[in-house]
Amino acid sequence: MDTIQVHILQTPDEHSIEELSDVLVDCVEGGASVSFMLPIARATAIAFWRDVAASVGRGERILLIAQDAAMHIVGTVQIILAQAENQPHRADIAKMLVHRRARRNGVGAALLAAAEKAARDAGKTLLVLDTASGEAERLYAKLGWQRCGVIPGYALLPGGGLCDTTFYYRALASQ
C-alpha cells in the first residue's frame, strides 16, 4: 500500500457501511474469529455496521478507518468508550479488521496507533483487547501491549471449532 490514511469516521454513511461490510466479510471468510460465523450474509455485515454507526452517534464508541490511495476502506478498529460506572478511565479496542489484500503493509499498526491517540484524547488511560490471531498477537507485542493470558476455548472460529483467545492491555501515558 503506497498511502494509508487513518482517521475517525464521525458519521458512517451507507457508502462507508458498504465498504466496512466488505472488510468484515473478507476477514470472516479468511478465518478471523470476530463474533461471526460462516457463511456470513452480507445483510448480517450491513446490519452490524448500522448498529455500530448508531452507537457512534450516541457517543458510545469511536470508529476509525484506514483508507488506501484510492480512498477505499481497507481496515477499521473501534474504541468502546461505554464502560461500567466504576471504569470511566478504561476503553476496549474491538473489531480490529484489515482486509487480506492490505495486510502486512502497516495498516494494523497505523490503526492501533490512531486508536491509542483517540482513546487518550477521550480521556482514557487504560485499553484492553482480545484476539484469537497469532499474527495480531505478534503485532500487539511488537507495539508494547502487555499480554495478560489465554482463555482456552473462549470462542468459535467462523467455520466452527473452539479457539483460544489471548487478552492484552495497554496503559496510556498522558501527553
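Caption draft 1: The arrangement of unusual backbone geometry in detail. Between Leu 38 and the following residue, Pro 39, the backbone shows a cis peptide bond with an omega angle of -10 degrees. Phi angles above zero are rare outside glycine, and Ser 35 is one such case at about 85 degrees. Here Ser 35 is to be found in the loop between α1 (14-29) and α2 (42-57).

Caption draft 2: Structural detail: the pattern of salt bridges. Counted under the stated rule, the structure contains 10 salt bridges. With a shortest N-O distance of 2.7 Å, Lys 117 and Asp 121 are connected by a salt bridge. Taken together, the residues span about one helical turn, with Lys 117 and Asp 121 both in helix α3 (residues 107-121) at a distance of four residues. In this structure Lys 117 comes out as partly exposed when scored by relative accessible area, which is 47%. With a relative accessible area of 57%, Asp 121 lands in the exposed category. Residues joined by salt bridges that share partners form a network here, namely Glu 18, Asp 22 and Arg 42.

Caption draft 3: The layout of surface pockets, seen in detail. Counted as a void, the largest pocket has a volume near 1200 Å³. Around the largest pocket, the lining comprises 48 residues; the ones closest to its centre are Met 96, Thr 131, Ser 133, Ala 136 and Tyr 140. Going through the elements one at a time, α2, β3 (73-80), β4 (90-98), α3, β5 (126-131), α4 (134-142) and β6 (146-156) are the ones with two or more residues in the lining of the largest pocket. Among the elements that line the lining of the largest pocket, the one with the most residues is β4, at seven residues. Grouping the amino acids of the lining of the largest pocket by side-chain chemistry returns 26 nonpolar, 12 polar and 10 charged.

Caption draft 4: Summary view of the nonpolar core. Grouped together as the largest cluster of nonpolar side chains are 26 residues, with contacts concentrated most on Leu 64, Ile 79, Ile 93, Leu 111, Tyr 140 and Trp 145. Going through the elements one at a time, β2 (61-67), β3, β4, α3, β5 and α4 are the ones with two or more residues in this core. Among the elements that take part in this core, α3 stands out by supplying seven residues, more than any other. Not counting the four nearest positions on each side in its chain, Ile 79 is found in contact with Glu 60, Arg 61, Ile 62, Leu 64, Ala 91, Asp 92, Ile 93, Ala 115, Ala 118 and Ala 119. Ranked by size, the runner-up nonpolar core spans 22 residues in total, among them Leu 24, Ile 46, Trp 49 and Leu 97.

Caption draft 5: Here's a closer look at the side chain of Lys 95. Structurally, Lys 95 is set in strand β4. Despite its burial, Lys 95 pairs with no opposite charge; the closest candidate is Asp 130, at 7.7 Å N-O. Among the polar contacts listed, one links the side chain of Lys 95 to the side chain of Ser 35, at a separation of 3.1 Å. Look past the residues within four positions of Lys 95 in its chain and what remains in contact with it is Val 34, Ser 35, Phe 36, Phe 48, Thr 76, Val 77 and Gln 78.

Caption draft 6: How the structure looks around the environment of Asp 22. Within the fold, Asp 22 resides in helix α1. Residue classification places Asp 22 among the partly exposed residues on the basis of a relative accessible area of 37%. Note: C-alpha distance between Asp 22 and Val 74 (52 residues apart in sequence) is 8.7 Å. Each residue touching Asp 22, except ones within four places of it in the same chain, is listed here: Arg 42 and His 99.

Criteria and cut-off values
- Residues numbered from 1 in each chain as written.
- Predicted model: local features only at pLDDT ≥ 70, side-chain atom pairs only at ≥ 80, totals over all residues.
- Heavy atoms only, no water.
- Helix = DSSP H or I, 4+ residues; strand = E, 2+ residues; numbered from the N terminus.
- Salt bridge = Lys/Arg side-chain N within 4 Å of Asp/Glu carboxyl O.
- Buried < 20%, exposed > 50% of the residue type's maximum accessible area, 1.4 Å probe, protein only.
- 1 Å grid on protein atoms, 1.4 Å probe; cavity = no way out; pocket = protein on both sides within 12 Å on 5 of 7 lines; lining within 4 Å.
- Points joined across faces, edges and corners; volume = space filled by probe spheres on them.
- Nonpolar A, V, L, I, M, F, W, Y, C, P; charged D, E, K, R; others polar.
- Core = buried A, V, L, I, M, F, W, Y, C linked by side-chain atoms within 4.5 Å.
- Contact = heavy atoms within 4.5 Å.
- Lys, Arg positive; Asp, Glu negative; His and termini not counted.
- Polar contact = N/O pair within 3.5 Å; in protein donor to acceptor, adjacent residues only side chain to side chain.

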